[in-house]
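Each chain, letter by letter, is given below.
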Amino acid sequence: MDLTNYINMDLLRFTTAGSVDDGKSTLIGRLLYDSKQIFEDQYEAIKKTSELRGEDYVNLALLTDGLRAEREQGITIDVAYRYFSTPKRKFIIADTPGHIQYTRNMVTGASTANLAIVLADARHGMVEQSRRHLFIASLLRIPHIIVCINKMDLVNYSQEVYDKIRTQFENFSTKLQTTDIQYIPISALNGDNVVDRSKNMPWYEGPTLLYQLENVHIASDYNRIDCRFPVQYVIRPNSDSFHDYRGYAGRIAGGIFKPGDEVMVLPSGFTSVITSIDTFDGPLTQAFAPMSVTVRIQDDLDISRGDMLVRTNNVPKTGQDIELMICWLSKKPLALNGKYALKHTTRDARCIVKEIRYKVNINTLHRIENVEEIGMNDIARIAIRTTQPLFYDSYQRNRITGSLILIDEATNETVAAGMII
Amino acid sequence: MPAYKINHLKELESESIYVLREVAAQFSKPALLFSGGKDSIVMTHLARKAFYPARIPFPLIHIDTGHNFPETLAFRDKLVEQLGVKLIIGSVQESIQQGSAKEETGVNASRIRLQTVTLLETLEKYGFDAALGGARRDEEKARAKERFFSHRDEFGQWDPKNQRPELWNLFNSRKNEGEHFRIFPLSNWTELDIWQYIWREQIDIPNLYFTHKRLCVIRQGVLLSASPYLPPIEGELPFEKIVRFRTIGDMTSTGAIESVATTLEEIIAEVATARVTERGGRADDKRSETSMEDRKREGYF
C-alpha cells in the first residue's frame, strides 16, 4: 500500500440540511454505505433494529441517530458528525436536524463548512425550511451549495418535476450572495445519483453527488491576502535550554506570514519584524490559515492573548461600535440595551446591544423594521458597542476575523452567532 | 500563485493544537486524561507540540481500574518520565474500598462503570476545571454528538439534548462554580487518521497493538486475554492465539483480534480494510444500544 499517497488527501467539511423527513439521515447512510464506510457490526445492529420495528428495509437513518431520544422519536435532535473518505478526499459531515426549533444546530454545522447540501423532497418542492436553509448557508458564507432534489423515485423520476423545483430554487437564490449552487436529482433510498449514476434518470447529465463532493475546488476557501494572527497563548519555557524564549502561539486567520516580515501589533500599534515561525517539527519559511504555529519577533514588546499581529500596510478595522447580522440561538429573547459577554478571535469582551436595525423575513428575505424582540431562530441586524476595541474584518472577507459569539452572562449559554458587516 | 494547501493530517493536527492551547488559555486548572491507549498517546504528543519548547502545562490523570494490562502501566510510566509532567492516579480499587463504588459481580463483571465514580472524585479532589479526553466522534454514535468543549454540571453529568451550540472555533468555557468541562481535541480524527499519524510521526505505542502470542478465552463471541481479573467459567480452558488489540481498555473487556500485523504499515492496511468497527470488540459497548450514551450522561469519559 502506498502510504505517502494515502496521507496526502485534503479535507472537505460539509453540512447537510433538510426538513423533517426529507431523507437526510438516509442520504448520509447511503453515502457511507455505498462508499463502503459502514462496518458489518454497524450494519448488523441497524438491520436487527429495523426488523424489530417491523420496517420493510434496513433503515439507514439509524446509523446517524445515536441518542436514545432520537431513536425513540425517529428524528435527529443534535448535530452529529460523520466521517468518510474516498481515495481523493477525507470528508467531515455535520448532519444537522431540520426541525425549526433546532435551527441553531444548522448554524453550528454551517459555521465551519466548506459546502452545504440542501435537501428538498421532490413531492413538495421548495418549502419554508428550504428557504431558511439556503439563506443560512448563504448568510454563513458557505462557499459551495448543492441542492439535492430527493425522493425522485416517488415522482417517477420525472424531469418535469425536477425542472420545476430547480426553477423555484433558482428564483429564490438570485436574492442570495452565494454564487456556486449545483442541482442534483437523487433517490437516497435507492441510491440514484448518490455514488452511482442513476439508470432511472437518463435525462440528467450532471455529476453524481459524490463526484461533486470529491471535485469541488476548496483550496481558495481561506483568505490568503490579509495577514491576521490572533495571539492565543504566550509560550515562555523558563527552562535552561530555552532561557529567553518568548513565542506567540496561535492559528493563522488570514494571509501568508514569513520570517523577515514587518508586523504591527494591535492594539499597541508598535511594529517589529518576525524572526522565526516555530513548530515542534522545526521552523517554517511561511505560514497560512489554518496552520497553528508559534511566532517570534525581534523586539521585546508587551504582547498577550487577544492581541493581533498584522502587516503594517494592511490592518483590520478597529473599533467598539460594530454592526452585525446575528442568528439568535436562545429561548430567552434578545434584550435591547442588554449586556452580553462576547468572544471574537482570541479576544474576550463585553457588549451592549444598542440597536435592533431589522429582522429578516426568511421566506421573502424582506426586512422587518421597528421590531422590539428577537427570538430563537430569528435572523437580524443589530448594532453593538463593546467594552474594548475589536480588530475585525467583515465576515464576507474573512470568516475567522469576521465572526463572534454572544454569551448570556447569567446562564453562560451561547445565545447568538454574529457575522460582522 | 502556489497552492497553499495542507493535507488532512496537518489540518487535523493544527485544529487539535488550537484546541489544546485554548484549554491552557481559558481554564485555570486543566488536566489530560491518559488511558495508555493510542488516542491518549496521540493527544499527549499533540500537547507536546502545542506548547513546544515549553513543557505540557498540565498534569496527566490516569484512572486505574486495577484491571489494566501491565504493558499499559509500564508504557505510561516511561512516557511520563520522558515528558517531565506530573502524573495523578485515581484508583478504582480505592473508591471501592472507601465505599463510593460497588464492584459488579458475575462472570461478565467489569469496572468500566466504576471508573466514572473515581474520575469524578479525582477531578473534584484536585479541583480540575477541565479534563482533556482522547475520545473521537467516529468511535461511537453517542460520541458523534459531542462538542469540542463539552459542559458538565456539578454532578459531572452530560446533557446531550441541551448542549451549547459550538460556532466557528469560538469556544465558550463559561461555567458556574463546581461545574467543569470535558475537552475533546481529537473530535474530528478517525481511527485511520490516528494510525496514519502515528506512522508519519513515528510515535511510540505499547506493543499490545502489534501481533503477539497470548493466552485467551472466548466470552460471548469476544476474544479476551486470560488474566487473574477474569474469573474462569467452569470447564473453560485458556488457549494460545496470535492476536493484537485494536483498542486498549481493561483486560476484562477489551477484545483481541486475530491478526498478522507486526508493523504500523500492516496495521494501517488492516484498519483501512476492516469490516468491523474498532469498538466492535468492546464488551462494555454491547450491554445495550445506548450503553455509551448512558455512561456518558453519568460522567464517563
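The shown structure was predicted, so the numbers you read here are calculated from the model rather than taken from an experiment. (Residues numbered from 1 in each chain as written. Chains lettered and ligands numbered in written order. Predicted model: local features only at pLDDT ≥ 70, side-chain atom pairs only at ≥ 80, totals over all residues. Heavy atoms only, no water.)

Caption draft 1: Region of the structure containing the overall build of chain B. In terms of helices and strands, chain B carries 8 helices and 10 strands. Overall, the C-alpha framework of chain B stretches about 65 × 55 × 40 Å when taken along its three principal axes. The buried share of chain B, taken over its 301 residues, is 64%. Restricting to contacts in chain B with at least 6 residues of sequence separation, those with at least 24 account for 73%. Each charge class in chain B was averaged separately, 42 positive and 44 negative side chains, and the resulting centres sit 2 Å apart. (Helix = DSSP H or I, 4+ residues; strand = E, 2+ residues; numbered from the N terminus. Buried < 20%, exposed > 50% of the residue type's maximum accessible area, 1.4 Å probe, protein only. Contact = heavy atoms within 4.5 Å. Lys, Arg positive; Asp, Glu negative; His and termini not counted. Charge placed at Lys NZ, Arg CZ, Asp CG, Glu CD.)

Caption draft 2: Region of the structure containing the overall build of chain A. Broken down by element type, chain A carries 8 helices and 22 strands. On C-alpha atoms alone, chain A measures out to a radius of gyration of 24 Å, which is about the 22 Å that the 2.2 N^0.38 rule sets for 421 residues. For chain A, the spread of C-alpha atoms along the principal axes amounts to about 70 × 65 × 40 Å. Considering only contacts within chain A whose residues lie at least 6 apart along the sequence, 70% involve residues at least 24 apart. As displayed, chain A has an accessible area near 17000 Å², and 46% of this comes from carbon and sulfur atoms. (Rg over C-alpha atoms; globule rule 2.2 N^0.38 Å. Areas by Shrake-Rupley, 256 points an atom, 1.4 Å probe, with all protein chains shown as cover.)

Caption draft 3: Main features of helix H7 (residues 159-173) of chain A. All names here are of chain A. Between the first and last C-alpha of H7 there are 21 Å, a value that for 15 residues agrees with the 21 Å anticipated at 1.5 Å per step. What H7 keeps buried is the set Tyr162, Ile165, Phe169, Phe172 and Ser173. Considered in projection along H7, the buried side chains sweep an arc of 100 degrees and stay on one side of the axis. Of the exposed residues in H7, those oriented more than 90 degrees away from the buried face are Glu160 and Lys164. Contact partners of the buried residues in H7: strand S4 (115-121), helix H6 (128-139), strand S5 (144-150) and strand S6 (180-185). The opening residue of H7 is Ser158, an N-cap whose side-chain oxygen sits 3.2 Å from the backbone nitrogen of Glu160. (Expected span 1.5 Å × (residues − 1). Arc of directions from axis to C-beta. Polar contact = N/O pair within 3.5 Å; in protein donor to acceptor, adjacent residues only side chain to side chain.)

Caption draft 4: Structural detail: the nonpolar core. All names here are of chain A. Ranked by size, the top nonpolar core spans 73 residues in total, and within it Phe14 and Leu213 carry the most contacts. Sorting elements by how many residues they give to this core places S4 first, with 6 residues. Excluding anything up to four places from it in sequence, Leu213 contacts Leu12, Phe14, Leu31, Arg89, Phe91, Leu115, Ile117 and Ile146. (Core = buried A, V, L, I, M, F, W, Y, C linked by side-chain atoms within 4.5 Å.)

Caption draft 5: The arrangement of the sheet that holds strand S7 (residues 212-219) of chain B in detail. Residue and element names in this part refer to chain B. Pairing is antiparallel across the open sheet formed by 4 strands, whose spatial order is S8-S7-S9-S10. Sheet topology places strand S8 (222-225) and strand S10 (256-258) at the edges, where each strand pairs with a single neighbour. Taken over all neighbouring pairs, the strand axes of this sheet differ in orientation by 70 degrees on average, direction set aside. When S7 meets strand S9 (residues 239-245), the two strands line up antiparallel, connected through 5 bridges. In the sheet register, His212 faces S9, and the bridge partner there is Val243. (Pairing = 2+ DSSP bridges. Axes fitted to C-alpha atoms, helices over the stretch in contact; angles between N-to-C directions.)

Caption draft 6: The arrangement of the pairing of S7(B) in detail. All names here are of chain B. The pairing of S7 with S8 spans 4 bridges and is classified as antiparallel. Within S8, the position partnered with Arg219 by the bridge is Val222. Between S7 and S8, which pair antiparallel one after the other, the connecting turn spans 2 residues, and Gln220 there sits at a positive phi close to 50 degrees.

Caption draft 7: Region of interest: the sheet that holds strand S9 (residues 247-251) of chain A. Residue and element names in this part refer to chain A. The antiparallel open sheet is built from 7 strands, whose spatial order is S7-S15-S11-S12-S14-S9-S8. Two strands in the sheet have a free side with no partner beyond their single neighbour: strand S7 (228-230) and strand S8 (233-235). Neighbour to neighbour, the strand axes of the sheet diverge by 40 degrees on average, direction disregarded. Summarising the sheet, strand S12 (residues 271-278) and strand S14 (residues 292-297) pair through 4 bridges and their orientation is antiparallel. Bridge pairing in S14 places Ile274 opposite Ile297.

Caption draft 8: View of the pairing of strand S16 (residues 317-328) of chain A. Bridging between S16(A) and strand S20 (residues 379-392) of chain A involves 10 bridges; their strand directions are antiparallel. Of the residues in S20(A), the one forming a bridge with A:Leu324 is A:Ile382.

Caption draft 9: Examining empty space enclosed by the protein more closely. Counting across every chain of the model gives 2 cavities of 30 Å³ or more. Within this model, the second largest cavity holds a volume of roughly 40 Å³. A:Arg305, A:Lys343, A:Thr345, A:Thr346, A:Arg347, A:Asp348, B:Tyr18, B:Glu22, B:Gln26, B:Asn169, B:Leu170 and B:Phe171 are the residues that line the second largest cavity. Counting residues per element, the lining of the second largest cavity draws most heavily on helix H1 (residues 8-26) of chain B, which supplies 3 residues. Taken together, the residues of the lining of the second largest cavity break down into 3 nonpolar, 4 polar and 5 charged. (1 Å grid on protein atoms, 1.4 Å probe; cavity = no way out; pocket = protein on both sides within 12 Å on 5 of 7 lines; lining within 4 Å. Points joined across faces, edges and corners; volume = space filled by probe spheres on them. Nonpolar A, V, L, I, M, F, W, Y, C, P; charged D, E, K, R; others polar.)

Caption draft 10: Focus on the side chain of A:Thr208. Residue and element names in this part refer to chain A. With respect to the helices, strands and loops of the structure, Thr208 is situated in the loop between S6 and helix H8 (209-215). One polar contact links the side chain of Thr208 to the main-chain amide nitrogen of Tyr211, over a distance of 3.2 Å. When near neighbours in sequence (up to four residues on either side) are disregarded, Thr208 contacts Ile184, Asn193, Val194, Val195, Asp196 and Arg197.

Caption draft 11: Examining the environment of A:Glu355 more closely. All names here are of chain A. Topologically, Glu355 is positioned in strand S18 (residues 347-360). Assessed through its relative accessible area of 39%, Glu355 is described here as partly exposed. Setting aside its immediate chain neighbours within four residues, Glu355 contacts Leu336, Ile382 and Ala383.

Caption draft 12: Just the environment of B:Arg136, in detail. With respect to the helices and strands, B:Arg136 occurs in the loop between strand S4 (130-132) and strand S5 (149-152). Linking B:Arg136 and B:Asn188, residues 52 residues apart in sequence, is a C-alpha distance of 6.5 Å.

Function cannot be inferred from these measures alone, as they are strictly geometric.
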